[in-house]
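# Report on the structure
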Amino acid sequence: MYLFIISAEVLFWVFVVLGLIARYMFGLKKLGGLLLLCTPIIDVLLLIAVFITVSSGMEITTATGLAACYLGITVAFGHRLIKWADVRFSHWFGKGPKPERKYGAAHAKEERTGWLLHLLGWVIGNALLFVIIVYVDDPQRTVSLEGIMSTWAIVLVIDFIVSFSYTLAPKKNKA
């Protein structure tokens, strides 16, 4: 399962980079858009791999849980990551404006938005983990999934503290 997760991450970025290269270096906007639209297919393939693992009676490991986490995070952050890469490719290869760094209230808002997306990814990922736990209905096989849920909740709380700290102590421009 680790191989599937790593492959999904690599393929996600391969399709993003190829899509942006097609768009900005070769001027093939439709092909670039099509390649970018392929990124959700990777999530579907990983979801199928998780379903096969769970339904076939294979051992459910931490990797199975991480796959659910990965799916939640890519659904929540995928569009934002593609937009982030698009702005940079546009600047480097398409004569677009230089990406702006945010400071103060704008940076704090971006951090809060990032945490809300993390929360969305957490909800989606934990919903998948819960579905797997209910479907398998064998606490001995799914104990690692419950551990992932607990650990991820702690990470989410830490992310909340860090992200919202910028509201109280905004990032300042050092220039």
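For every chain, the first residue of the written sequence is number 1, and numbering continues from 1 onward in sequence order. Totals for whole chains, interfaces and linings use every residue, but because this is a predicted model, local features are given only for residues with pLDDT of at least 70 and side-chain atom pairs only at 80 or more, for both listing and counting. With hydrogens and water set aside, each side-chain value is computed from the structure's full complement of heavy atoms.

### Thoughts on the overall build of the protein chain
Helix and strand counts for the protein chain stand at 6 helices and 0 strands. Numbering of helices and strands starts at the N terminus; helices are DSSP runs of H or I of at least 4 residues and strands are runs of E of at least 2. Along the protein chain, helices (α) and strands (β) appear in the sequence α-α-α-α-α-α when read from the amino end. Its C-alpha atoms give the protein chain principal-axis dimensions of roughly 55 × 45 × 20 Å. For the exposure calls, accessible area comes from a 1.4 Å probe over protein chains only, and a residue counts as buried if that area is under 20% of its type's maximum, exposed if over 50%, partly exposed in between. Residues counted as buried form 34% of the 175 residues belonging to the protein chain. Here, two residues are considered to be in contact whenever any of their heavy atoms come within 4.5 Å of each other. Considering only intrachain contacts with a sequence separation of at least 6, the fraction spanning at least 24 residues in the protein chain is 75%. The method behind every accessible area is Shrake-Rupley, applied with a 1.4 Å probe, and residues are considered shielded solely by the protein chains displayed. On the protein chain, roughly 10,900 Å² of surface is accessible, and the fraction owed to carbon and sulfur atoms is 71%. For the charge count, each Lys or Arg is scored as positive and each Asp or Glu as negative, with His and the chain ends excluded. By convention, charge coordinates are those of NZ in Lys, CZ in Arg, CG in Asp, or CD in Glu. The averaged location of the 11 negative side-chain charges in the protein chain is 19 Å from the averaged location of its 16 positive side-chain charges.

### What to know about the nonpolar core
As used here, the term nonpolar core means buried Ala, Val, Leu, Ile, Met, Phe, Trp, Tyr and Cys residues forming a set that is joined through side-chain atoms within 4.5 Å. Among the nonpolar cores identified, the biggest contains 27 residues, and Val16, Leu46 and Ile132 are the most heavily contacted of them. Mapped by element, the contributors of at least two residues to this core are α1 (2-24), α3 (39-55), α4 (62-93), α5 (104-136) and α6 (139-168). Examining the composition of this core, we find that 9 residues originate from one element, α4, more than from any other. Contact partners of Leu46, with chain neighbours within four places excluded, come to Met1, Phe4, Ile5, Ala8, Ala67, Tyr70 and Leu71.

### A few points about the packing of α5 against α6
For every element, the axis is a line fit to its C-alpha atoms; helices are fit only across the contacting stretch, and the angle between N-to-C directions ranges from 0 to 180 degrees. Two elements in contact, α5 and α6, have axes separated by 9 Å at closest approach and are oriented at 170°. As the angle between them shows, α5 and α6 are arranged roughly antiparallel. Of the residues assigned to the contact of α5 with α6, the class counts are 19 nonpolar, 8 polar and 5 charged. Angle categories: roughly parallel below 35 degrees, roughly antiparallel above 145, roughly perpendicular from 65 to 115, and oblique for all the rest. In this classification, Asp, Glu, Lys and Arg are treated as charged, Ala, Val, Leu, Ile, Met, Phe, Trp, Tyr, Cys and Pro as nonpolar, and every other residue, Gly included, as polar.

### So, the packing of α3 against α5
Close contact between α3 and α5 brings their axes to 11 Å; oriented N to C, the two are set at 25°. Judged by the angle between their axes, α3 and α5 are roughly parallel. In terms of crossing hand, the pair formed by α3 and α5 is right-handed. The segment α3 lies against α5, with Leu47, Val50, Val54 and Ser55 engaging Leu128, Ile132, Tyr135 and Val136. Grouping the constituent residues of the contact of α3 with α5 by class yields 7 nonpolar, 1 polar and no charged. Should the near helix be turned counterclockwise from the far one by less than a right angle, the crossing is left-handed, whereas a clockwise turn marks it as right-handed.

### Here we look at the confidence of the model for the protein chain
The predictor attaches a confidence to each residue, called pLDDT, with possible values from 0 through 100. The predicted model of the protein chain has a mean per-residue pLDDT of 94, with 99% of residues at 70 or higher. At the level of individual helices and strands, the protein chain shows its lowest average pLDDT in α3, which scores 91, and its highest in α5, which scores 97.

### Regarding α6
Compared with the 44 Å implied by 1.5 Å per residue over 30 residues, the 43 Å span of α6 between its first and last C-alpha is a close match. What α6 keeps buried is the set Thr142, Leu145, Ile148, Trp152, Leu156 and Ser163. Under the convention used throughout, the expected extent of a helix is 1.5 Å for every residue step, that is, one less than its residue count.

### Structural notes on a nonpolar patch on the surface
Patch rule: a residue counts if its relative accessible area is over 30% and it has no salt bridge; like charges are joined within 9 Å, and nonpolar side chains (Val, Leu, Ile, Met, Phe, Trp, Tyr) within 5 Å. A pair is scored as a salt bridge if a Lys or Arg side-chain nitrogen falls within 4 Å of a carboxyl oxygen belonging to Asp or Glu. There is a patch of nonpolar side chains on the surface, built from Tyr2, Ile6, Val10, Leu11, Val14, Leu18 and Leu66 and spanning about 600 Å² of accessible area. No other element matches the 6 residues that α1 contributes to the nonpolar patch. Within the fold, Leu66 resides in helix α4. Residue classification places Leu66 among the partly exposed positions, given a relative accessible area of 35%.

### A look at the side chain of His107
Its place among the elements puts His107 in helix α5. The exposure class assigned to His107 is buried, which follows from its relative accessible area of 6%. Leave out the neighbours within four places in its chain, and His107 touches Lys102, Tyr166 and Lys171.

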